[in-house]
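Each chain, written out:
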Amino acid sequence: MAAEIRNAARRDGGLVRFENVGLRYGMGPEVLKDINFSIAPRSFQYLTGPSGAGKTTLIRLVLMALKPTRGLVNLFGQDVSRLDATTLTGFRRRMGVVFQDFRLLDHLTLYENVALPLRVLGKEETSYRAEVVELLRWVGLGERMHAVPPVLSGGEKQRAAIARALISRPELLLADEPTGNVDPGLGRRLLRLFMELQSLGTAVVIATHDLALMELYDAPRLVLVDGHLHVDA
Ligand SMILES: Nc1ncnc2c1ncn2[C@@H]1O[C@H](COP(=O)(O)OP(=O)(O)OP(=O)(O)O)[C@@H](O)[C@H]1O
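On a predicted model such as this, the values are computed, not experimentally measured, just so you know. (Residues numbered from 1 in each chain as written. Predicted model: local features only at pLDDT ≥ 70, side-chain atom pairs only at ≥ 80, totals over all residues. Heavy atoms only, no water.)

### Focus on the UniProt feature "domain: ABC transporter" (unreviewed entry) in the protein
As recorded in UniProt, the feature "domain: ABC transporter" (unreviewed entry) lies at residues 16-233. With 35% helix and 26% strand, residues 16-233 has its two end C-alpha atoms placed 17 Å apart. (UniProt positions renumbered as here; feature names shortened; annotations may be inferred. Helix = DSSP H or I, 4+ residues; strand = E, 2+ residues; numbered from the N terminus.)

### Let's talk about the site of the ligand
Lining the immediate environment of the ligand, one finds Y25, V31, P50, S51, G52, A53, G54, K55, T56, T57, Q100 and H209. G52 has a polar backbone atom sitting 2.8 Å from an oxygen atom of the ligand. The contact in question runs from an oxygen atom of the ligand to an N or O atom on the side chain of Q100, over 3.4 Å. About the coverage of the ligand: the protein hides 57% of its 640 Å² of free accessible area. The element contributing the most residues to the shell around the ligand is helix 2 (residues 55-62), with three residues. In terms of residue class, the shell around the ligand is built from four nonpolar, seven polar and one charged. (Near = heavy atom within 4 Å. Polar contact = N/O pair within 3.5 Å; in protein donor to acceptor, adjacent residues only side chain to side chain. Areas by Shrake-Rupley, 256 points an atom, 1.4 Å probe, with all protein chains shown as cover. Nonpolar A, V, L, I, M, F, W, Y, C, P; charged D, E, K, R; others polar.)

### A few points about the pairing of strand 7 (residues 172-176)
The buried fraction of strand 7 is high, at five of five residues. Pairing of strand 6 (residues 95-98) with strand 7 involves four bridges; the strand directions are parallel. What sits directly across from V98, in strand 7, is A175. For strand 7 and strand 8 (residues 203-207), the ladder comprises five bridges, and the chain directions are parallel. Within strand 8, the residue paired with L173 across the bridge is V204. Crossover handedness for the path strand 7 to helix 7 (residues 184-199) to strand 8: right-handed. (Buried < 20%, exposed > 50% of the residue type's maximum accessible area, 1.4 Å probe, protein only. Pairing = 2+ DSSP bridges. Right-handed = clockwise from strand over helix to strand, strands pointing away.)

### Description of the side chain of Q198
Within the fold, Q198 resides in helix 7. Setting aside chain neighbours within four positions, we find Q198 in contact with R42, S43, F44, V204 and Y217. (Contact = heavy atoms within 4.5 Å.)

### Let's talk about the pattern of salt bridges
Scanning the model with the defined rule gives nine salt bridges in all. Across the pair E19 and R17 runs a salt bridge, and its minimum N-O distance is 2.1 Å. R144 serves as the salt-bridge partner of E156, at 3.4 Å between the closest nitrogen and oxygen. With a gap of 12 residues between them, E156 in helix 6 (residues 154-166) and R144 in the loop between helix 5 (125-138) and helix 6 connect regions that are remote in the sequence. Classification of R144 as partly exposed rests on a relative accessible area of 29%. When salt bridges that share partners are traced, they join E30, D34 and R70 into one network. (Salt bridge = Lys/Arg side-chain N within 4 Å of Asp/Glu carboxyl O.)

### As for the packing of aromatic side chains
For the coordinates displayed, the defined rule picks out four aromatic pairs. Taking 4.7 Å as the distance between ring centres and 40° as the angle between the ring planes, the aromatic pair formed by F18 and F37 counts as tilted. One end of the pair, F18, is in strand 1 (residues 16-24); the other, F37, is in strand 2 (residues 30-39), with 19 residues separating them in the sequence. For the pair F18 and F37, a shared accessibility class is recorded, and that class is buried. Note on F76 and F91: the rings are 5.0 Å apart at their centroids and 70° apart in plane angle, and the pair reads as edge-to-face. Pair noted here: F76 is in the loop between strand 4 (70-75) and strand 5 (78-79) and F91 is in helix 3 (residues 85-93), with a separation of 15 residues, a long-range link. Aromatic ring contacts, followed pair by pair, group F44, Y46 and Y217 into a single cluster. The side chain of R103 reaches across the aromatic face of F99, ending 3.8 Å from its centre. (Phe/Tyr/Trp six-rings, centres within 6.5 Å; stacked < 30°, edge-to-face > 60°. Lys NZ or Arg CZ within 6 Å of the ring centre and 35° of its normal.)

Shown next as structure tokens:
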């Protein structure tokens, strides 16, 4: 089944494809209008636009946390409106997400936070311990793995959230303002982490309005303005 889905994604040329997607919250105005774009496997792109333009909303649509009001959302080669709950859960596991507010669990150590997605899958600790430690070192938190989130800086929490998003080796990583809470030096280091991740085979989407960051590494920009999206390649 997994191979079938991957083949379908390849055939359709994308991990994600939106066709004429529109979204409104409740009876409010349309926040996203006629959105068309696709995300190729192993690609790197920014999602940008002014505050309130709809970046988080678009990410939530990709994560299937929201249903489009109109149009087609295709993930891994399949129309999501036709999928059953089990397949949707499987699709979510193929995506990693770094939320703007981190969403770490305060009563768990960083090690436990990062290991959580694997624990939830019922894996034995012996099968993942080394991998979690290696990933925490990779994001520069090797010395902090037994600390709990409330005693960490914003940048440390940011990196822990990135490690947690990566532990399941996602095919697609969505990061919402991943450099929003860090100084420019750390922002550059995080960007290098994302580039390395892409070179290891993950497609990366970074939502940001940090122009300086986007200038550091040239990549296509999905630009949202007034609910419309255009691609600056
Ligand atoms: N749950 C909600 N209910 C109603 N309106 C919402 C909801 N979430 C977002 N909106 C509205 O949708 C629009 C887009 O919001 P969204 O958070 O997607 O923008 P954004 O580009 O991510 O903004 P920022 O860069 O400030 O995070 C805004 O006008 C916002 O007020």
